[in-house]
Amino acid sequence: MSRKKWVLAGYNKEIAKELYASSQFSEIMSILLAERGFTDAQKAEQYLTCRAELCDPFTLLDMDKAVKRIEQALDRFERIAVYGDYDADGVTATVLLYQYLSSREADVLYYIPEREGEGYGLHISSIDALHEQGVSLIVTVDNGISAVDEVAYASSLGIDVVITDHHQPGDVLPQAVAVVDPHRMDCPSLFKDFAGVGVAFKLVQALEGEDPSMSLDQYADLICIGTIGDIVPLTGENRVLAGRGLKELTQGNRFGIQAMLDAAGIGGQELTGTNVAFILAPRINAAGRVASPQLAARLLLAEDEEEAEGLALQIEDINRQRQQIEGQISLQVDEMLAKEPKRALDRVMVLAGQGWHKGVIGIVASRLVEKYGRPCILLSIEGDTAQGSGRSIAGFSLYKALSQNSEYLIRFGGHTMAAGMNLKVDQIDAFRQAINRYAATIEPFPIPQLKLDCRLKPSALSVEAIRDLSMLEPFGSGNPKPIFGLCSMRLDEVQPLGGGKHVRMLLSRDGRTISAVQFREKFDHFPYQVGETLDVAVQLEENQFRGDVSLSVFIKDIRHHGLDVSAYLEQKRVYECYRRGEQLMAEQWATLYPKRDQMAKIYRCLRAKGQFYGPCDILWSRLEGIHCATLLVGLDVFDEMGLLTHTLSGDDLEVSLNPTDQKVDLNQSVILNQMKAMQK
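Read on for an overview of the structure. Here the residue numbers are simple positions, counted from 1 along each chain's written sequence. For this predicted model, a pLDDT threshold of at least 70 governs which residues receive local features, and a threshold of 80 or more governs which side-chain atom pairs are given and counted, while totals over whole chains, interfaces and linings are taken from all residues. The basis for every side-chain value is the complete set of non-hydrogen atoms in the structure, without hydrogens or water.

Section: the overall build of the chain
A run of H or I in DSSP counts as a helix once it spans at least four residues, and a run of E counts as a strand once it spans at least two, with each numbered from the N terminus. A count of helices and strands for the chain gives 24 helices and 21 strands. Throughout, radius of gyration means the C-alpha value; the globule benchmark is 2.2 Å times the number of residues raised to the power 0.38. Here the C-alpha radius of gyration of the chain, 27 Å, is about what a compact globule of 680 residues would show, namely 26 Å. Here the C-alpha coordinates of the chain stretch approximately 90 × 65 × 45 Å along the principal axes. Per-residue burial for the chain yields a buried fraction of 54% across its 680 residues. Contact definition: two residues touch when any of their heavy atoms are within 4.5 Å. Nonlocal contacts in the chain, meaning residues at least 24 apart in sequence, comprise 66% of its contacts between residues at least 6 apart. All accessibility values rest on the Shrake-Rupley procedure with a 1.4 Å probe; residue burial counts only the protein chains present in the view. Taken as a whole, the chain presents about 30200 Å² of accessible surface, with 48% of it coming from carbon and sulfur. Taken as two groups, the 70 positive and 93 negative side-chain charges of the chain have centres that lie 9 Å from each other. Think of it in three bands: residues with accessible area under 20% of the maximum for their type are buried, residues over 50% are exposed, and the middle band is partly exposed, with areas taken using a 1.4 Å probe on protein chains only. Think of it this way: Lys and Arg go in the positive column, Asp and Glu in the negative one, and His and the chain ends go nowhere. By convention, the point assigned to a charge is CZ for Arg, NZ for Lys, CD for Glu and CG for Asp.

Considerations on the pattern of salt bridges
Salt bridges are counted wherever a side-chain nitrogen of Lys or Arg sits within 4 Å of a carboxyl oxygen of Asp or Glu. Using the criterion set out here, one finds 36 salt bridges in the structure. Across the pair R69 and E78 runs a salt bridge whose closest N-O atoms are separated by 2.9 Å. When sorted by exposure, R69 lands in the same class as E78, which is buried. D384 serves as the salt-bridge partner of K424, at 3.4 Å between the closest nitrogen and oxygen. A residue pair is termed long-range when its members are at least 10 positions apart, and K424 in strand β11 (residues 418-424) and D384 in the loop between β8 (376-382) and β9 (385-391) qualify at 40 residues. Its relative accessible area of 36% is what places K424 among the partly exposed residues. A single network of salt bridges, built from pairs that share partners, joins E35, R36, K451 and D453.

A short note on the nonpolar core
Only buried residues count toward a nonpolar core. Its members are Ala, Val, Leu, Ile, Met, Phe, Trp, Tyr and Cys residues joined through side-chain atoms within 4.5 Å. Formed by 124 residues in total, the largest nonpolar core has its most connected members in L101, I377 and L378. Of all the elements, helix α14 (residues 305-339) adds the most residues to this core, at ten residues. For I377, the residues in contact, after removing those within four places along its chain, are V348, M349, V350, L351, S389, G390, L398, L402, M421, F431 and I435.

Brief notes about the pairing of β11
Side chains of β11 alternate between two faces, with A419, M421 and L423 buried and A418, G420, N422 and K424 left unburied. As paired strands, β9 and β11 are joined by seven bridges and run antiparallel to one another. Counterpart to T385 in the pairing with β11 is K424. Two strands qualify as a pair provided that DSSP identifies no fewer than 2 bridges between them. In this structure, strand β10 (residues 411-414) lies alongside β11, joined through four bridges in antiparallel fashion. Within β11, the position partnered with F412 by the bridge is M421. Counting the residues that bridge the hairpin from β10 to β11 gives three residues.

Notes on the environment of H415
Tracing the backbone shows H415 in the loop between β10 and β11. On the basis of relative accessible area, H415 is assigned to the partly exposed category, the value being 28%. Residues contacting H415, with those up to four places away along its chain left out, are H166, H167, D230, L398 and Y399.

A few points about the state of the cysteines
We call a pair of cysteine sulfur atoms a disulfide whenever their separation is within 2.5 Å. According to the stated counting rule, one finds zero disulfides in the structure shown. In this model C50 remains outside any disulfide bridge; the closest cysteine sulfur is found in C224, 9.8 Å from its own. Not engaged in a disulfide, the cysteine C55 finds its nearest cysteine sulfur in C187; these two sulfurs lie 9.5 Å apart. Take C55: its relative accessible area is 24%, and that puts it in the partly exposed class.

Note that every value here comes from positions in space, so none of it alone points to a role or purpose.
Dropping the structure here:
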């Protein structure tokens, strides 16, 4: 994993004290509410209970035109097609609007394009197919904002189009009957962050024209899955919609969702936003990624328990296939980077593979962002074109980066943090160079951050203290699950869990000992030593087992106490600039070139252990006084001379010393001689 800079959230301490004095909230909850901007207990209570009023749907521009055209189609019994998308947001939006129009006795069908063969958005071929079925009105959900040519073609066939979308519009809008998108520059709606399913619900609200709570009760479960699944901010109206939906999901009123939960092994449990994000949404996505989104739509529309159970089991199998495919692509990426390690040093990683599954590359890109701490784009090559999916880090707009390099792309779209694109295979190298040139203009280039809500003393940890944290649900984008900092903790003991795949550690401070678990941290590679003083970033949960209630502590990040992450990352970037062949200043060259005594110090430190696994900053901190760039160049030289073998993946360093009795002459190092020549 990439090393993250911890950022402590700010909050007004006086307001936190006032909230705590109201006797409604615990001390920890009062801090969290103050940090989220609440200044009085009444508004905080309204937020926690998700009771805020829903905004008037007609504040969305063109909503009146959309309602007028759809009502006309209902009155005339025209054939309507709900045209969706194959991800969790698009599928839930499709089902929601299709189900509503069916309840109005409309002549309605739904159409979700297949990821393979069709791809995202409106297509000429699908418009032709709908025309042959007698469709005279297409209503898009979660797509359409960029379909300028496709809408014009539909119009030439006598088909009207109403667009509902939430993606960023281009310079030219489609000439549709209505274009409902909160991100239109001229849209007066105060709330902009709806998912596609949220915009579809606002359309239903407008069509219903009565108390919105009635339609919300019926569709809240779908809205919750689509909203959380699309990673839009769970603030404002989204929080109300997702919060209400979480309650509906727990009640299990929809056969398909209940069957999905049963197949996943969590049926009957009270659900959280995490369950939606990591269990429900991925399974709906898996149907569209690996098989067909029609399966997910049929499951959500199922009116028979037996049918729902069969479809849920199919999707469970498909999700397992998706995980296997994801693992295969990840392995190929690792092999590619092992052969060309410099590719991992790009500011924006752009990697391409023949026939990579287009439905899975976005997930793998997310894993790479987490591992390397930089934006990543994966491209699947098929014939002479490639289809890509990218993910980014906070502070680097992937959508803007693509916009600035659109001449290399056939088409693109998406958000700040995620985007998709198509391009010719012969443009891949030029695109990679261009987007990295653009990234080089952003100074300082952003680094991944981990936001800490507050620091806690271990004495503050108790079931009672954190019991009401669940009131902040649903957690997700814009309302992340709280992360707390525990500083100056002594590592007393480390134990293997799950056959050594995870670790449990005992940490103490001021006479208080806590047990904490870190998942996906191999016991035999655990880099910290008993007796060291650590800072840990943790999440807290209330655990119930056989009537006993206890506190569970889960470690999200860990580091040596007092580690200067900014200095480490700044020094490491000097090395990365050197490896990319960028121009360096004289003082940077001075820190890069290792002196003989520094090389000796590095080697002695490694020889004492024989090997090293862990974040690079651990070895750097043990070699006090040696610049990180110097350390990394030194490792490259030792590797070149056969003294050791090492790999650096993001910030994860692995070093193994090679057995040798022979002395080596560092003057023979090609790396060092090239560096001397480059400095002249």
